[in-house]
Amino acid sequence: MNAALGPETPTDFDPGLYNQEETNFNLDLSYQASELANVAGGFEQREERFEIGQGQDESWKIGPYAAQGFSSSSNGFPGFNRWAVGIAGRYENFSDFGGKATGKVSFRFETTDRIALRANANTGFRAPTPGQQNAFNVSTVSDVDLGDLVNRGTIPSTSAVAVTKGGGQLEPESSVSLTGGVMYEAGAFRLTADYFRISISDRFAQTRTFKLTPDKVTKLVSEGVTSAANLAEFRFFTNNFETLTQGVDLVAS
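A short tour of the structure in this document, coming up. (Residues numbered from 1 in each chain as written. Predicted model: local features only at pLDDT ≥ 70, side-chain atom pairs only at ≥ 80, totals over all residues. Heavy atoms only, no water.)

The next thing to look at is the overall build of the protein chain. The helix and strand tally for the protein chain stands at three helices and twelve strands. Relative to the 2.2 N^0.38 estimate, which gives 18 Å for 253 residues, the radius of gyration of the protein chain is 30 Å and therefore markedly larger than a compact globule would have. Pairs at least 24 apart in sequence give 62% of the contacts found in the protein chain among residues at least 6 apart. Carbon and sulfur atoms provide 53% of the accessible area of the protein chain, an area that totals close to 16,400 Å². (Helix = DSSP H or I, 4+ residues; strand = E, 2+ residues; numbered from the N terminus. Rg over C-alpha atoms; globule rule 2.2 N^0.38 Å. Contact = heavy atoms within 4.5 Å. Areas by Shrake-Rupley, 256 points an atom, 1.4 Å probe, with all protein chains shown as cover.)

So, in structure tokens, the structure goes:
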């Protein structure tokens, strides 16, 4: 019983639920190309869900007799009420640039049977790919000033030549996302209104094109980029700019 409800208390309750779901998908492939070479690769995806389901009102309500000292909520196991808070954390370590920690905090509160408030804040990141950090490629373009075709190279950002123009080890893009809103529900009608704000810093972009001087060609060749002798221009990836996206999302059904 919920003593705080007095004579109106039920004698059995649905206190809600705990629900944990885990889904895994894994694929491993290998191929013996020759006696000396074996090629292997794989993919794994893992999804975890944890849910706390709300119990019936009487299992957690603070009834009118609570003021007289009677205990509230159902005896033995109080039901889960309408206030939900979530906290999550994640840490990843990369050989190229070290560790990165991210997290998320969220809450949802039902003010009435029809109205609920919700908000969350989370951080995230996107690591540079090995290609963005180390790839070297050449494209042939038309130079209007020369009136001729020239070879333009994208070189690693850690190259000594790129460092002379501000290059260096790429850092991950990082983001901060904030949302907050309200939900209204009445019968078959549902309305949600949410404000969102997403800021991303250190975004990846290619630099402008730089002329490649003979001494820089020599440096690239000494670094193992033998095809640099045919280049006239170069550029590289860098952490270049920031963006801010914000607005209001309205959904009615």
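Once that is clear, we can look at the sheet that holds strand E9 (residues 189-206). If you trace the six strands from one edge of the open sheet to the other, you get E3-E4-E5-E8-E9-E12, paired in antiparallel fashion. Here the strands that pair on one side only, and so sit at the sheet edges, are strand E3 (83-94) and strand E12 (237-252). Going from strand to strand, the sheet's axes swing by 10° on average, the running direction of each strand aside. In this sheet, E12 lies alongside E9 in antiparallel orientation, the contact comprising 14 bridges. Across the sheet, residue Ile200 finds its bridge partner in E12, namely Thr243. (Pairing = 2+ DSSP bridges. Axes fitted to C-alpha atoms, helices over the stretch in contact; angles between N-to-C directions.)

What tends to happen in soluble globular proteins is that the nonpolar side chains get buried as a cluster. Ile155, Val161, Ala162, Phe210, Leu212, Val217, Leu220, Val225, Ala228, Leu231, Phe234 and Phe236 form the largest nonpolar core, which has twelve residues in total. Where this core is concerned, the elements lending two or more residues are helix H2 (160-163) and helix H3 (214-222). Sequence-distant contacts of Val217, that is, excluding residues within four places in its chain, are made with Leu212, Ala228 and Ala229. (Core = buried A, V, L, I, M, F, W, Y, C linked by side-chain atoms within 4.5 Å. Buried < 20%, exposed > 50% of the residue type's maximum accessible area, 1.4 Å probe, protein only.)

Since one α-helical turn is 3.6 residues long, residues separated by three or four positions face the same way. Where H3 is concerned, the buried positions are Lys216, Val217 and Leu220. The buried side chains of H3 occupy one side of the element, clustering within an arc of 105° when seen end-on. Seen from the open side of H3, the exposed residues pointing more than 90 degrees away from its buried face are Pro214, Thr218 and Ser222. Elements that come into contact with the buried residues of H3 comprise H2 and strand E11 (233-235). (Arc of directions from axis to C-beta.)

As a further point, take the environment of Pro128. With respect to the secondary-structure elements, Pro128 resides in the loop between strand E5 (115-126) and helix H1 (130-134). A relative accessible area of 7% means that Pro128 is categorised as buried. For the pair Pro128 and Glu171, spaced 43 residues apart in the sequence, the C-alpha separation amounts to 7.0 Å. Pro128 has contacts with Phe97, Gln133, Leu170, Glu171, Pro172 and Phe204, leaving out every residue within four places of it along the chain.

Moving on, we come to the pairing of strand E2 (residues 38-53). Here strand E1 (residues 17-32) pairs with E2 via 16 bridges, running antiparallel. Note that in E2 the partner of Asn24 across the bridge is Arg46. In textbook terms, the turn of a hairpin is the stretch between consecutive antiparallel strands, and for E1 and E2 this stretch comprises five residues.

With respect to the helices and strands, the residue Ala252 is situated in strand E12. Spatially, the C-alpha atoms of Ala252 and Tyr184 are 9.5 Å apart, while their sequence positions differ by 68 residues. Not counting residues within four places of it along the chain, the set of residues in contact with Ala252 comprises Phe189, Arg190 and Leu191.

Moving on, we get to the packing of aromatic side chains. Under the criterion given, the structure shown has six aromatic pairs. Taken together, the aromatic side chains of Phe210, Phe234 and Phe236 make up a single cluster linked through ring pairs. (Phe/Tyr/Trp six-rings, centres within 6.5 Å; stacked < 30°, edge-to-face > 60°.)

The next subject is the layout of surface pockets. Within this model, the largest pocket holds a volume of roughly 740 Å³. In this structure, the largest pocket is lined by 22 residues; those nearest its centre are Phe50, Glu51, Ile52, Val85 and Gly86. Going through the elements one at a time, E2, E3 and strand E4 (98-110) are the ones with two or more residues in the lining of the largest pocket. A per-class count over the lining of the largest pocket returns eight nonpolar, six polar and eight charged. Its volume calculated, the second largest pocket comes out at about 320 Å³. (1 Å grid on protein atoms, 1.4 Å probe; cavity = no way out; pocket = protein on both sides within 12 Å on 5 of 7 lines; lining within 4 Å. Points joined across faces, edges and corners; volume = space filled by probe spheres on them. Nonpolar A, V, L, I, M, F, W, Y, C, P; charged D, E, K, R; others polar.)

Note that all results are geometric; they support no functional claim without further evidence.
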